[in-house]
Amino acid sequence: MEDVKYSISAINSPSDALGRAVETRFTEFCKNALSVDEETFTQAMKLFKDSKHLLLTNMSGVGSGTPEEAERFWFAFVLYSIKRLSERNEDEVKQGTYEKGLTLCQILRVAKINIVDFFKELPQFVMKAGLVLSNLYGADWEKRLEAKELQANFVHLSLLSKYYRRAYNEFFLTRDANGDSQSAVAGSMGSLSDYHRFGWLLFLALRNHAFSRFKDLVTCTNGLVSVLAILIIHVPTSFRKITFQDSPRFVKKSEKGLDLLASLCNIYETSEDELRRTLEKANNVMADILKRKPCPASECKTGNLDGIDTDGLVYFKDLMEDSSLSSSISILEKDYDDAIRDKVDLDERLFVNDEESLLGSGSLSGGSVNISGAKRKIDSMSSPAKTITSPLSPHRFPSPSHANGKMAPTPVSTAMTTAKWLRTVISPLPSKPSPELERFLSLCDRDVNNDVTRRAHIILEAIFPGSSLGERCATGILKNASLMDNIWAEQRRLEALKLYYRVLEAMCVAESQVLHASNLTSLLTNERFHRCMLACSAELVLATHKTVTMLFPAVLERTGITAFDLSKVIESFIRHEDSLPRELRRHLNSLEERLLESMVWEKGSSMYNSLIVARPALSSEINRLGLLAEPMPSLDAIAAHINGGLPPVPSLQKHETSPGQNGDVRSPKRVCTDYRSVLVERNSFASPVKDRLLAFNNHKGRLPPPLQSAFASPTRPNPGGGGETCAETGINIFFSKILKLAAVRINGMVERLQLSQQIRESVYCLVQQILSQRTSLFFNRHIDQIILCCFYGVAKISQLNLTFREIIYNYRKQPQCKPQVFRSVFVDWSTASRNGRTGQEHVDIITFYNEIFIPSVKPLLVELGPDGATLKSNCAPEVNRNNDVQCPGSPKISPFPTLPDMSPKKVSASHNVYVSPLRSSKMDALISHSSKSYYACVGESTHAYQSPSKDLTAINNRLNGTRKLRGALNFDDADVGLVSDSLVANSLCLQQNGSCASLSGAPLKSEQPDS
């Protein structure tokens, strides 16, 4: 059982000789390869020396695990960090010392690391070296480092560059109609034209000068579409692929000719008003930077404008002439060099330089964002901050539509479609409570209309601050950039406010129907409930626009709530907003999984304030670790912070600077040492996770208990009866969600490892027992860490030949995998009297298994027994346990739950073959009188006793034949087993292999965590 040991090889043993050799190589890297100045080198060497021991003891956990590669990664991390952090503290001092500014791309080229791999490994450095960075650069180092923002920006630009290239190639030729090649960029650029490059550089200038802080995906897409409009107007007509007269893409026309902007808006789902404003900014940027005088297009006589309605358009004479194009490109290049000179940002020009070796291939964000574009998923962009792909949400593209000349769906086009919902459904709503909502607010014990509107104003101002709060502006920003920020923030505040009022009204109506009363004082006077609703509304607005600079959990920090608080309204929010687009539903689903898997278990989570009431036996451990959350900051404190002049309230500051578990984005840490009364979930307060996994129980027909009980005091008796407190009810429901999510992940690992159903039952039973009887093992940890240990423990007790390396190797192929899960597990050595260690630290999963997990769980493992007899009795829900009696009110041990079929479902263990049920929303179209004879359902053959291949041949013959058949297929007699659209939409996604391609065929060497 305890024979697994993590032995550190000699190369990882810190020694003076090895340390000096590494220092020498780092010196050569800085001075010879990068030629950094003396001051930069001094700072870099200081950070390197302070963190050198971390490199030497963690080489196997960086990159592929080879010492040489680990060094190169560490060198790049150190230089990136000191350049990023020092420039913030000594901006004025260093004003003249960055003439040859060091960019991230320069560092990576010398280190021979591509960008994708850099961002994959950067969280390891942030996590391991967090304390060192905090000591050197202050408590806010992580916020200033902006590692996650930079990664999200890279993902967005990767998508935008592909989007731009696809659109450009649709409209323009690389050679003119006479066969003369337009000057191509030298080197590896191939056929990429100067026109294409000019457009991308103009887009970057627009981002730097007009968009300022808020470079969200929707705004940037509007910028690209405005650039396309400029190119269409100015690029010589001999390079056009299309003609406006007969093109199905340009359908918006007037008596004066083609309405260019309206047609582009129709193609790319943009707002015409937004596009006109963005085009005006782009014209101003060209006038300011290129020093060219614009003139109204209606006054210009040029063949480029033939057939175009020129009203409202601007034309720059000779802009694309050969004599001036190269000069314009050079000016834009210099402008961009000046913009990034003092920053260690990405050189965003590389996206049109085709530097594949530097860009890298593979995926970021836990396998969900595929940079190479081969298997890009729409779900991956549902949030810039998303680090896992939801295993409970299907990957499904919207139906392609070519009827209006629209391109096939992409992450960018899907984001624009979602933004259209916000623009057309939410924006037209009033920015104040409706008469119906005002009625509910006035029917409380006291009129709370003013309280609701004041709170909404303060909280949304905190989430979407204007430039007046002292946010930094980059050097060289045009004067309208700050105004752009304020306009952007005001628009987002209004969208979130209108969505909040809309859903709040729907909730009030539903709650009044449940209670048969209109007085909802308990709910509508609850501060935490309203902040959760405002946070959820704001998060959906941010997710719609894909905002890089405000990644989750920013809304939690700025509203003063915790992840556990937000989890109480997610399901209800989805339920009461029927028009919510699928992508935003998926975003909320993925957020809830992030909350369940780790964020609610972190230090400072309000879940512990309920758990200490529901499980008094855990109070000493919770208090010893200081896990309890502080109360929310008052509304007045938040308002004072917004208005300035006072220090930030504690909950609005950056959370703890010590490395968080898994190096993941963490929920706000508001820790206190004594018990505070907090709010817990209501009985049957289901979540999207719970709804999906219990969809087969058909529980939608009954009304839910009052929403007010979800926000009651933990010590208050549950209104539903049963003698439980609200804390006990809420924790039981929370634990049931945890177990259902665990069941999904256990099932995925069992299928991937090709283990027996008996092993699956044993692992699930063990997880249940740990959650019930060893709950503290989950504290400050990720549930996958417990699941992986359970797999190995069950394998050992079952005498199964399964190594930890094999488990981790296969876990890396799971869609939710993050390397930090098995590389960094929280350990408090005061509970383990081994090796003389003290304090708290993060260790690899095998160390955790041997030193913490086994001593605690060994009695439970023994109970499972080699023959499974004990398992059968323990997992029977009607049998009471005699040993290790469960805490009062804890979930009963039950067999592995029945999960809905995956959609798409893998039907071959050795091949990537999947089947998916037909969505009911498509059924009417498919079985219409004109088309139903073309389709066959699963389980129905075209002829008796035919093989599948002959069936498909027969179907193809019918489709390709000239004879029209009107015989209807029999959909009534076939046992098709159609699955409802809601179940398909919320069932399991297919497994992804993209992030593990590099590990294929890796030999199993020693019993240590995979790197």
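Since the structure is predicted, the reported quantities are computational estimates derived from the model, not experimental observations. (Residues numbered from 1 in each chain as written. Predicted model: local features only at pLDDT ≥ 70, side-chain atom pairs only at ≥ 80, totals over all residues. Heavy atoms only, no water.)

Visitor: What am I meant to see in the overall build of the chain here?
Guide: When its secondary structure is counted, the chain shows 38 helices and 10 strands. A burial count over the chain gives 58% of its 1011 residues as buried. A fraction of 76% describes how many contacts in the chain between residues 6 or more apart in sequence connect residues 24 or more apart. Roughly 40,200 Å² of accessible area belongs to the chain as shown, and the carbon and sulfur atoms make up 50% of that amount. (Helix = DSSP H or I, 4+ residues; strand = E, 2+ residues; numbered from the N terminus. Buried < 20%, exposed > 50% of the residue type's maximum accessible area, 1.4 Å probe, protein only. Contact = heavy atoms within 4.5 Å. Areas by Shrake-Rupley, 256 points an atom, 1.4 Å probe, with all protein chains shown as cover.)

Visitor: Would you take a moment to explain the packing of helix H29 (residues 726-753) against helix H31 (residues 783-797) for this structure?
Guide: The packing of two helices is summarised by the inter-axis angle and the distance between the axes. Where H29 contacts H31, the axes come no closer than 11 Å and their chain directions differ by 45°. By the criterion of interaxial angle, the relationship of H29 to H31 is oblique. Crossing of H29 over H31 shows right-handed handedness. Contacts between H29 and H31 involve Ile738, Leu741, Ala742, Arg745, Ile746, Met749, Val750 and Leu753 from the former and Ile783, Asp784, Ile787, Leu788 and Phe791 from the latter. Considered class by class, the residues forming the contact of H29 with H31 number 11 nonpolar, no polar and two charged. (Axes fitted to C-alpha atoms, helices over the stretch in contact; angles between N-to-C directions. Parallel < 35°, antiparallel > 145°, perpendicular 65-115°, else oblique. Left-handed = near helix turned anticlockwise from the far one by under 90°. Nonpolar A, V, L, I, M, F, W, Y, C, P; charged D, E, K, R; others polar.)

Visitor: Looking at this structure, I do not really get the nonpolar core. What am I missing?
Guide: One recurring pattern in soluble globular proteins is that nonpolar side chains are buried together. One finds Phe464, Trp601, Ile770, Phe791, Phe848 and Phe853 to be the most contacted residues of the largest nonpolar core, which totals 140 residues. With 14 residues, the single largest contributor to this core is H29. Here isoleucine 770 is in contact with Thr775, Leu777, Phe778, Ile786, Cys790, Phe853, Val857 and Leu860, once residues within four sequence places are set aside. By size, the runner-up hydrophobic cluster in this structure holds 126 residues, among which are Leu160, Leu206, Leu258 and Leu325. (Core = buried A, V, L, I, M, F, W, Y, C linked by side-chain atoms within 4.5 Å.)

Visitor: Before we go on, may I ask you to explain helix H34 (residues 845-864) in this structure?
Guide: For H34, built from 20 residues, the straight-helix expectation of 28 Å at 1.5 Å per residue is missed by more than 12%, its first-to-last C-alpha distance being only 22 Å. Taken as a whole, H34 carries its principal kink of about 60° at isoleucine 854; the proline proline 855 stands between one and four residues after it. A large share of H34 lies buried, amounting to 15 of its 20 residues. (Expected span 1.5 Å × (residues − 1). Bend = angle between axes of the 7 residues up to and from the residue.)

Visitor: Teacher, can you tell me more about the pairing of strand E7 (residues 825-828) here?
Guide: The side chains of a regular strand alternate, residue by residue, between the two faces of the sheet. Burial along E7 is two-sided: the face carrying Val825 and Val827 and the face carrying Phe826 and Asp828 are both buried. Here four bridges tie E7 to strand E8 (residues 840-843), and the two strands are oriented antiparallel to one another. Its bridge partner being in E8, aspartate 828 is matched across the sheet by glutamine 840. (Pairing = 2+ DSSP bridges.)

Visitor: I would appreciate a short explanation of the pattern of salt bridges in the present structure.
Guide: Any two side chains of opposite charge can pair, given that their charged atoms come close. One pass over the structure, following the stated rule, counts 37 salt bridges. Glutamate 348 is the partner of arginine 207 in a salt bridge, and the nearest nitrogen-oxygen pair spans 3.1 Å. Separated by 141 residues along the polypeptide, arginine 207 in helix H9 (residues 194-211) and glutamate 348 in the loop between helix H13 (322-340) and helix H14 (356-359) bring together distant segments of the chain. Of the residues examined, arginine 207 reaches a relative accessible area of 2% and is grouped as buried. In this structure, a network of salt bridges that share partners links the residues Arg197, Glu333, Asp337, Asp347 and Arg349. (Salt bridge = Lys/Arg side-chain N within 4 Å of Asp/Glu carboxyl O.)

Visitor: Would you mind going over the environment of serine 522 with me for this structure?
Guide: For serine 522, the location among the structural elements is in helix H19 (residues 521-524). Under the relative-accessibility criterion, serine 522 is labelled partly exposed at 37%. The sequence separation of serine 522 and aspartate 445 amounts to 77 residues, and the corresponding C-alpha distance is 9.3 Å.

Visitor: Hey, could you run me through the environment of asparagine 609 in this one?
Guide: Structurally, asparagine 609 can be placed in helix H25 (residues 607-614). Through-space distance from the C-alpha of asparagine 609 to that of alanine 629 is 6.8 Å; in sequence the pair is 20 residues apart. For asparagine 609, the side chain forms a polar contact with the main-chain nitrogen of alanine 629, separated by 2.9 Å. (Polar contact = N/O pair within 3.5 Å; in protein donor to acceptor, adjacent residues only side chain to side chain.)

Visitor: Where do I start with the side chain of asparagine 747 in this structure?
Guide: Looking at the element boundaries, asparagine 747 is found in helix H29. Each residue touching asparagine 747, except ones within four places of it in the same chain, is listed here: Arg760, Phe896 and Leu899.

Visitor: I tried to follow helix H15 (residues 411-426) on my own but got confused; where do I start?
Guide: Given 3.6 residues per helical turn, the α-helix brings residues three or four places apart onto the same face. Between the first and last C-alpha of H15 there are 22 Å, a value that for 16 residues agrees with the 22 Å anticipated at 1.5 Å per step. Inspection of H15 places Pro411, Val412, Ser413, Thr414, Ala415, Met416, Thr418, Ala419, Trp421, Leu422 and Ile426 among the buried residues, and these make up the whole buried set.

Visitor: Help me out: how do you make sense of the packing of aromatic side chains in this one?
Guide: Aromatic rings considered in pairs are described by the distance between their centres and by the relative angle of their planes. Applying the stated criterion across every chain yields a total of 34 aromatic pairs. Taking 4.9 Å as the distance between ring centres and 40° as the angle between the ring planes, the aromatic pair formed by tyrosine 168 and phenylalanine 172 counts as tilted. Both rings, one in tryptophan 601 and one in phenylalanine 735, keep their centres 6.4 Å apart while their planes meet at 25°; by these two values the pair is stacked. Of this pair, tryptophan 601 sits in the loop between helix H24 (582-597) and H25 while phenylalanine 735 sits in helix H29, placing them 134 residues apart in sequence. On the accessibility criterion, phenylalanine 735 (0% relative accessible area) is buried. If you follow arginine 439 out to its NZ or CZ, it ends over the ring of phenylalanine 440, 4.7 Å from the centre. (Phe/Tyr/Trp six-rings, centres within 6.5 Å; stacked < 30°, edge-to-face > 60°. Lys NZ or Arg CZ within 6 Å of the ring centre and 35° of its normal.)

Visitor: Before we go on, may I ask you to explain the state of the cysteines in this structure?
Guide: Covalent bonding between the sulfur atoms of two cysteines is what defines a disulfide. Tallied over the full model, the rule gives zero disulfides. Cysteine 444 takes part in no disulfide bond, and the closest cysteine sulfur, belonging to cysteine 508, lies 7.8 Å away. (Disulfide = S-S within 2.5 Å.)

Visitor: Would you mind going over unusual backbone geometry with me for this structure?
Guide: Trans is the common state for peptide bonds, and a negative phi is the common state for residues other than glycine. The step from phenylalanine 552 to proline 553 runs through a cis peptide bond, and the omega angle for that step is 15°. In this structure, proline 553 sits in the loop between helix H20 (527-545) and helix H21 (554-559). The phi angle at glutamate 269 is positive, at roughly 60°, despite the residue not being glycine. Inspection of the secondary structure puts glutamate 269 in the loop between helix H11 (260-268) and helix H12 (272-290). For glutamate 269, a relative accessible area of 15% translates into the label buried. A positive phi angle, close to 55°, is found at glutamine 754, a residue other than glycine. Since its relative accessible area comes to 61%, glutamine 754 is described here as exposed.

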